[in-house]
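Examination of the molecular architecture
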There are 2 protein chains.
Amino acid sequence: MATAQYIKKDGIIIIGAGLCGSLLGIRLAQRGYEVHIYESRPDMRKAKIDGGRSINLALSDRGIKALELIGMQHVVERDGIPLYGRMIHPAEGEATYMPYSGRSGEAIHSISRGGLNKSLLEETEKYPNIHLYFNQRCVDVNFDEHNIRFENGKGGEQYTLECERILATDGAGSAVRRAMMRHTTEKRFNFSQDFLTHGYKELSIPAADEKGNFRIEKNALHIWPRGTQMLIALPNLGGSFTVTLFQDFEGPDGFNALNTPEKIHSFFDKYYPSAKANMPDLVNDFLTNPSANLGTIKCYPWQINHFSLLMGDAAHAIVPFYGQGMNCAFEDVCVLDDLMDQNGDNWVEIFDRFQENRKPDGDAIADLAVDNFYEMRTSTTSLLFQRKKALETKMEQAGLPYFSKYALVTFRPDLKYREALVRGRLQDDFLLEYCKTVTDINQVDYVQLQADVEAYIKTALQKSEIY
Amino acid sequence: MATAQYIKKDGIIIIGAGLCGSLLGIRLAQRGYEVHIYESRPDMRKAKIDGGRSINLALSDRGIKALELIGMQHVVERDGIPLYGRMIHPAEGEATYMPYSGRSGEAIHSISRGGLNKSLLEETEKYPNIHLYFNQRCVDVNFDEHNIRFENGKGGEQYTLECERILATDGAGSAVRRAMMRHTTEKRFNFSQDFLTHGYKELSIPAADEKGNFRIEKNALHIWPRGTQMLIALPNLGGSFTVTLFQDFEGPDGFNALNTPEKIHSFFDKYYPSAKANMPDLVNDFLTNPSANLGTIKCYPWQINHFSLLMGDAAHAIVPFYGQGMNCAFEDVCVLDDLMDQNGDNWVEIFDRFQENRKPDGDAIADLAVDNFYEMRTSTTSLLFQRKKALETKMEQAGLPYFSKYALVTFRPDLKYREALVRGRLQDDFLLEYCKTVTDINQVDYVQLQADVEAYIKTALQKSEIY
């Protein structure tokens, strides 16, 4: 083992050069810190990283706010494709378009995960105080002696780095979090990993032609809800769509059973004929691409000895059904940045406040994301849900300050996730009951309805004292 | 590494020679299996095992049923001290005795953990088909190739054993469960560890004299409930009591703050003067004995590849407030034994049915145990709780087939834990409401009340369709 090296006093080590780590690194560099980012994988700008992880993501307001913080908001327009609503493809009949909001301009943006990560890594080159180290895997962390052990390339020499503090943005399988579990019994480290019985597999709809035209509506998130399973599609620059099948692993139609071209054809003929018509590479994609797990990770504390802090997926990995994984991780950086404004270099205070303030929001978006799986795969086809959605759109179009649960989570970065959860669930309870009694939504007095919703929320909050 | 050894086809490896593992080994030996029990610690009959783990335990009907199964029920009378109720020591005034049941003879039994474990290990000597291996730590498990790697003594040579199946009874920190977490991603292994902010520390009340007389009532579980903390005491053969303080780690009165003789004296003078009067070794015990964590571990699946199965604390570690940890682990053996009756040597079926049947009961007793912490430290002093308890005792004394929640869990091994939980909680809801309206419990028509409770439970169950 090589001799321990020492990262100088104003230096911060970031573990993981993914989306969150590279954005965080840029922000810390802007604030004058010496930033050392260690990444276990090769430099993705040079090497081809193996696929299987989500190819595109939905970037929305919370994430954009973080890009603005580091001055990179231009990537949204340059690299993203705005999606203004959901295109619902029922099992029979025509597709229905449901806008995300009745306000014009409220959109989420389909963006390439790899492309965005590369843009962030490129940006780090502008900062001489950012140092990138690739192929350096974190093997262990000593939380008492404040050092980290790395492996230099796969199976390579191990060495130890001493430092003042580390920020761990090494994702759902965080090596730092695993070290916390191994070594910090006295911290009573609470941890849970919960998997859905469903997994996901990525497939594709190629461009319609060489000019990059799209085969289906470009500016929508497509959903084929089928009760216990669903297919979704997000557009890519160049005319293709990344398609994702969410399905149980087990059962006669489960991933484990769909193992021959015949079975795959027959499954898609049965459930997704309209999508299949646009998927010439279906069988090859299906047999080649992995079926990946969907899980939620919660843990606490996030900081140990004011030496290490978990951020992003390392602290709170969630299922993808709200399109908030990256947005939540980016928002973590904004929250940390606010705390640096308030506390200067007092990292004891920053670490303590970060985990206290942010943990309830990590839990909230985790629970919202699981909720939305059930909503997306089933409720989007129910008449009651569609009526409620239409009513909400009318209220938003009427210029009322109304935001659906989805809009609260997605378009209101001024609200904490926990606030969006409580308010969103109460609104839904009220409106779903209300919609049972409504026959013609055009005859509804929206102003009165909005007032009734507000009154219901106010009463419920007073009762529960949630806020 | 030594060459792999092979355990012959009818052999079963048990990891862990604790209470559950040794009882399980005896039962399997009685059924004719070759049983190989590997234990990481030395033979406790020869070496002194370090303390810190609970010194005595409350053995009750579920555990006794398992001892009966292997023909060892005689240890209850020989080594146990029956406790017929709780002696509640309030902050001021006289102690109150609350029987566990209005039926005579229903008791739990205070028994030495180490003593019982040694008795079980002694018993294994009667079976030539039980093989014990001490100081053999399980380092890793290969679930695909069906082998286990052990370390022969601390830092010693490692070797690999191939076998048909292993039963892991290696406790809350199970090495087999940790291996499952590392290696079985494709099994979507759900796991949670949740710690209370409270810990526990063991103290003692010595015997009154050399004849082994007791300083306080022998046949009761003593509780000093103090709202956010409590002290309890269980008797030992020989006249002493093991006393346990349950207290927060943090705060001005927390374990971390109580670090000088002066602070310990002052703390016990303030909260537990009546206990302190009987604790001459208080300060030394307090400063010498560790403050240990209290946590709940849940996980699923319990079996992997029909090769390994978690049982006892390895599958479901719980907090000690219902006195059911050992009883639940012993009951696991009874459940497995029933499944062997039904399925013969079909271990695929046995493993599958065991985890499916038993998981809801493991979850139920885990939740009940956390509930009881709040009940023991607070409710035992409330007038409403005492009135409810007195009413329940009256119903039991009246010869009615009534069982309090505590009695359902403790004295009714014919009920599953999940059934005891649902019925017990519903009873409590009903009776606590009822007691708000009662002024004189002697004027209550118990027969009618029992019928009302039953009707309430029936309606609630029909509504929720829990059964």
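What counts, and at which threshold
Residues numbered from 1 in each chain as written. Chains lettered and ligands numbered in written order. Predicted model: local features only at pLDDT ≥ 70, side-chain atom pairs only at ≥ 80, totals over all residues. Heavy atoms only, no water. Least-squares fit on C-alpha atoms with pLDDT ≥ 70 in both. Contact = heavy atoms within 4.5 Å. Helix = DSSP H or I, 4+ residues; strand = E, 2+ residues; numbered from the N terminus. Buried < 20%, exposed > 50% of the residue type's maximum accessible area, 1.4 Å probe, protein only. Phe/Tyr/Trp six-rings, centres within 6.5 Å; stacked < 30°, edge-to-face > 60°. Lys NZ or Arg CZ within 6 Å of the ring centre and 35° of its normal. Pairing = 2+ DSSP bridges. Axes fitted to C-alpha atoms, helices over the stretch in contact; angles between N-to-C directions. pLDDT = per-residue confidence, 0-100. Core = buried A, V, L, I, M, F, W, Y, C linked by side-chain atoms within 4.5 Å. Buried area = accessible area lost by both parts, 1.4 Å probe. Salt bridge = Lys/Arg side-chain N within 4 Å of Asp/Glu carboxyl O. Polar contact = N/O pair within 3.5 Å; in protein donor to acceptor, adjacent residues only side chain to side chain.

For the pair chain B and chain A, the relating rotation is 180 degrees, the translation along its axis is 0.0 Å, and the fit reaches an RMSD of 0.0 Å. Read as a symmetry element, the transformation amounts to a two-fold axis. Among all residues of chain B, the one whose C-alpha sits closest to the rotation axis is Ser192(B), at a distance of 2.0 Å. Interface residue correspondence from chain B to chain A reaches 100%, placing this contact among same-surface, isologous pairings.

Right, let's get into unusual backbone geometry. Tyr300(A) connects to Pro301(A) through a cis peptide bond whose omega is 0 degrees. Among the structural elements, Pro301(A) can be located in the loop between strand S18 (292-300) and strand S19 (303-304). Positive phi outside glycine occurs at Arg188(A), with the angle close to 50 degrees. Residue class for Arg188(A) comes out buried when judged on its relative accessible area of 14%. At His146(B), a residue that is not glycine, the phi angle is positive and equals roughly 55 degrees.

What follows concerns the packing of aromatic side chains. This structure, assessed with the given rule, holds 53 aromatic pairs over all chains. With 5.4 Å between their ring centres and 55 degrees between their planes, Phe373(A) and Tyr374(A) make a pair best called tilted. For Phe373(A), a relative accessible area of 1% puts it in the buried group. A relative accessible area of 39% means that Tyr374(A) is categorised as partly exposed. The rings of Phe249(A), Phe255(A), Phe267(A), Phe268(A), Tyr271(A), Tyr272(A) and Phe286(A) are connected pair by pair, giving a single aromatic cluster. The ring of Tyr417(B) carries the charged tip of Arg62(B) above its face, separated from the ring centre by 4.2 Å.

Before going further, it helps to examine the sheet that holds strand S9 (residues 130-133) of chain A. Residue and element names in this part refer to chain A. With mixed pairing, six strands are arranged side by side in an open sheet as S9-S3-S2-S13-S20-S19. Lying at the two open borders of the sheet, with one neighbouring strand each, are S9 and S19. Sheet analysis places strand S2 (residues 11-15) next to strand S3 (residues 34-38), joined by five bridges and oriented parallel. Following the sheet pairing, glycine 11 is matched in S3 by glutamate 34. Along the sheet face, helix H5 (residues 175-183) touches S2, strand S13 (166-168), S19 and strand S20 (308-310) and points at about 115 degrees away from the line of S20.

A few words on the environment of Gly115(A). Mapped onto the elements of the fold, Gly115(A) is located in helix H4 (residues 113-124). Sequence separation of Gly115(A) and Arg45(A) is 70 residues, and the distance between their C-alpha atoms is 9.2 Å.

A few words on the confidence of the model for chain A. Per-residue pLDDT for chain A has a mean of 92; in total, 95% of the residues score no lower than 70. With a pTM of 0.89, the predicted complex shows an ipTM of 0.85.

Attention shifts here to the nonpolar core. In this structure, Leu28(A), Leu120(A), Leu167(A), Leu28(B), Leu120(B) and Leu167(B) are the most contacted members of the largest nonpolar core, which totals 148 residues. The contact partners of Leu120(A), leaving out residues within four places of it in the chain, are Leu19(A), Ser22(A), Leu23(A), Ile26(A), Leu67(A), Ile70(A), Met72(A) and Phe330(A). Core analysis: the next-biggest nonpolar cluster, separate from the first, contains 81 residues, Phe267(B), Val409(B), Leu421(B) and Val438(B) among them.

What follows is about the interface of chain B and chain A. On the side of chain A, 15 residues touch chain B, which itself brings 15 residues to the contact. Contact between chain B and chain A buries roughly 1,300 Å² in total, counting both sides, with carbon and sulfur atoms accounting for 44%. Contact with chain A buries area across many residues of chain B, yet Arg188(B), Gln193(B) and Phe195(B) alone supply 44% of it, more than any other trio. At the junction of chain B and chain A, the tally comes to two salt bridges. The partner of Glu250(B) in a salt bridge is Arg188(A), with the nearest N and O atoms 4.0 Å apart. Taken together, the links from chain B to chain A amount to eight residue pairs in polar contact (both at pLDDT 80 or more). Ranked by residue count, the leading element in the side of chain B that touches chain A is strand S14 (residues 190-205) of chain B, at eight residues.

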